[in-house]
Amino acid sequence: MGEEWFGQQCFGVRCEWGEAGAVALAPRSACVVVVDVLSFTTSVSVAVDAGTRVYPFRRRDERAAAFAAAHDAVLAVGRRAVTEQRPWSLSPTALRLAPPVPRLVLPSPNGSAISAAVTGIPVLAASLRNASAVARWIRRQGWGTVDQPVAVIAAGERWPGRGTLRPSIEDLLGAGAVISALEAAGAGPLSPESAIARAAFEATSDIAAALAECSSGRELRDGGFAEDVTIAGEVDAGEAVPLRVDGAFAPAD
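Criteria and cut-off values
- Per chain, residues are indexed from 1 in the order of the written sequence.
- It should be noted that, the model being predicted, local features are given only for residues of pLDDT at least 70 and side-chain atom pairs only at 80 or more, the latter also being counted only at that level, while totals for whole chains, interfaces and linings use all residues.
- Computation of side-chain values covers all heavy atoms of the structure but excludes hydrogens and water.
- Strands are runs of DSSP state E lasting at least two residues, helices are runs of H or I lasting at least four, and both sets are numbered from the N terminus onward.
- The size measure is the radius of gyration over C-alpha atoms, and the globule rule it meets is 2.2 Å times the number of residues to the 0.38 power.
- Every residue pair with non-hydrogen atoms within 4.5 Å of one another is taken to be in contact.
- Each accessible area is a Shrake-Rupley estimate made with a 1.4 Å probe; only the visible protein chains count as cover when residues are assessed.
- In this count, Lys and Arg are taken as positive residues and Asp and Glu as negative ones, while His and the chain termini are left out.
- Positions of charges follow a simple convention, taking NZ of Lys, CZ of Arg, CG of Asp or CD of Glu.
- We count a salt bridge whenever a side-chain nitrogen from Lys or Arg sits within 4 Å of a carboxyl oxygen from Asp or Glu.
- The buried label applies to any residue whose accessible area, calculated with a 1.4 Å probe on protein chains only, is under 20% of its type's maximum; exposed applies above 50%, and partly exposed to all values in between.
- Definition of nonpolar core: a set of buried residues of the types Ala, Val, Leu, Ile, Met, Phe, Trp, Tyr and Cys, connected through side-chain atoms within 4.5 Å.
- The pairing criterion for strands is at least two bridges between them, as found by DSSP.
- Helix axes are fitted to C-alpha atoms over the stretch in contact, other axes to C-alpha atoms as well, and angles between N-to-C directions run from 0 to 180 degrees.
- By definition in this entry, angles of less than 35 degrees are roughly parallel, angles greater than 145 are roughly antiparallel, angles of 65 to 115 are roughly perpendicular, and the rest are oblique.
- Two helices cross in a left-handed way if the nearer one is turned anticlockwise from the farther one by less than a right angle. They cross in a right-handed way if the turn is clockwise.
- Under the scheme applied, nonpolar residues are Ala, Val, Leu, Ile, Met, Phe, Trp, Tyr, Cys and Pro; charged residues are Asp, Glu, Lys and Arg; polar residues are all the others, including Gly.
- Within 6.5 Å between ring centres, the rings of Phe, Tyr and Trp (the latter by its six-membered ring) count as paired, and their orientation is classed by plane angle as stacked under 30 degrees, edge-to-face over 60, tilted in between.
- Two thresholds decide whether a charge sits over a ring: the Lys NZ or Arg CZ must be within 6 Å of the ring centre and within 35 degrees of the ring normal.

**Notes on the overall build of the protein**
Check the secondary structure of the protein and you find 11 helices and 11 strands. For 253 residues, the compact-globule formula gives about 18 Å, and the C-alpha radius of gyration of the protein, at 17 Å, lands near that figure. Each of the three principal axes of the protein carries a C-alpha extent, and together these read 50 × 40 × 35 Å. Expressed as a percentage of contacts within the protein between residues at least 6 apart in sequence, the contacts between residues at least 24 apart total 74%. About 10,800 Å² of surface is accessible on the protein, with carbon and sulfur atoms providing 55% of the total. A distance of 3 Å separates the average location of the 23 positive side-chain charges in the protein from that of its 28 negative side-chain charges.

Pasting the structure below:
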């Protein structure tokens, strides 16, 4: 199948899209960094900042409910299903306002599904909020070299009604932020895919405006969740490094 063409060998920092990209790069990587800016990894950053362990799960269904019960965790509801009694959802705004809980199951079809699909190696959740913190932690582990490469995965979105991958500007920028910080900390060399993501981030002078006006940002704004977009644009406001430990994202040591 020519898989070697797509592995980005000979590079210390590699970049791909979606679950298929994560599964392809993970076996030859020291770690996988999942980037889903609107909104899974931004929400993970907000929740972990508040001391919550976050379990990724592919779908919000009966299996997710059973999983949450088995782990003595709260199952997040949909953005529009938030109530005073159930204030936890995929919305980073809702999570910031809700009382912190020890354990939260946070389903999503993109970043959460990718995080759950990668097994056997460390998985980190990165966003624009914590890109530099994640990069610094990775470099302290000695990762980001040809022998110990890092796979940065831009989650992307889904085309409504079709379920196919829609590469998204916000995740390209988020991946680029992580890659830019990795390179600044001495990681490399960058694959061409990584270099292009880095260049996109570094060339974007107004990240907040780009998030607000991109397709995904407009969708959230028009749906009444403009504050979620604002929080996603808090570049390097978060210091926690969410590392998946025993199935849940928690602050890395």
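**Section: the pattern of salt bridges**
Under the defined criterion, the tally for this structure stands at 11 salt bridges. Asp 72 is paired through a salt bridge with Arg 103; the nearest N and O atoms lie 3.0 Å apart. On the criterion of sequence distance, the pair formed by Asp 72 in the loop between α3 (62-70) and β4 (74-75) and Arg 103 in strand β5 (residues 103-107) is long-range, its members being 31 residues apart. With relative accessibility at 25%, the residue Arg 103 sits in the partly exposed group. Salt-bridge contacts for Arg 129 lead to Glu 234; the nearest nitrogen and oxygen are separated by 2.9 Å. Pair noted here: Arg 129 is in the loop between β6 (123-126) and α6 (131-140) and Glu 234 is in the loop between α11 (226-232) and β10 (242-245), with a separation of 105 residues, a long-range link. Since its relative accessible area comes to 4%, Arg 129 is described here as buried. Salt bridges here are not isolated pairs; linked through shared partners, they connect Asp 49, Arg 96, Arg 129 and Glu 234.

**Quick look at the nonpolar core**
Val 33, Leu 124, Ile 138, Val 152 and Leu 182 are the most contacted members of the largest nonpolar core, which has 41 residues in total. Per element, the largest residue contribution to this core is seven residues, and it comes from helix α7 (residues 169-184). In contact with Leu 182, not counting residues within four places along its chain, are Val 13, Ala 135, Ile 138, Arg 139, Val 150, Val 152 and Ala 187.

**Some words on the pairing of β10**
Note that β10 and strand β11 (residues 248-251) share four bridges and pair antiparallel. Across the sheet, residue Leu 243 finds its bridge partner in β11, namely Ala 250.

**So, the packing of α6 against α7**
In contact at an axis separation of 8 Å, α6 and α7 are set at 45 degrees when each is read in the N-to-C sense. As the angle between them shows, α6 and α7 are arranged oblique. Where α6 crosses over α7, the handedness of that crossing is right-handed. Along the contact surface, α6 presents Ala 131, Ser 132, Ala 135, Ile 138 and Arg 139, while α7 presents Ala 177, Val 178, Ala 181 and Leu 182. Residue composition of the contact of α6 with α7, by class: seven nonpolar, one polar and one charged.

**A closer look at the environment of Asp 246**
With respect to the element layout, Asp 246 can be found in the loop between β10 and β11. Residues Asp 246 and Tyr 55, 191 residues apart in the sequence, show an inter-C-alpha distance of 9.2 Å. When near neighbours in sequence (up to four residues on either side) are disregarded, Asp 246 contacts Arg 53 and Tyr 55.

**Digging into the packing of aromatic side chains**
Applying the stated criterion across every chain yields a total of five aromatic pairs. Geometrically, the ring pair formed by Phe 57 and Phe 67 is tilted, given 5.1 Å between the ring centres and 40 degrees between the ring planes. In this pair, Phe 57 is assigned in strand β3 (residues 53-57) and Phe 67 in helix α3, connecting sequence segments 10 residues apart. For Phe 57, a relative accessible area of 17% corresponds to the buried category. Within the aromatic cluster, the residues linked to one another by ring pairs are Tyr 55, Phe 57 and Phe 67. Stacked on the ring of Phe 225, the Lys or Arg Arg 79 has its end atom at 5.6 Å from the ring centre. Cation over ring: Arg 166 sits above Trp 159, and NZ or CZ is 5.9 Å from the ring centre.

**Here we look at the packing of α7 against helix α8 (residues 192-203)**
The geometry of a pair of packed helices is captured by two quantities: the angle between their axes and the separation between those axes. Relative to each other, α7 and α8 sit at 100 degrees, their axes nearing to 7 Å. Between α7 and α8, the crossing angle belongs to the class labelled roughly perpendicular. Touching Leu 172, Leu 173, Gly 176, Ala 177, Ile 179, Ser 180 and Glu 183 of α7 are Ser 194, Ala 197, Arg 198, Ala 200, Phe 201 and Glu 202, all from α8. When grouped by side-chain class, the residues that make up the contact of α7 with α8 number seven nonpolar, three polar and three charged.

Treat this as a map of the structure, not an account of what it does.
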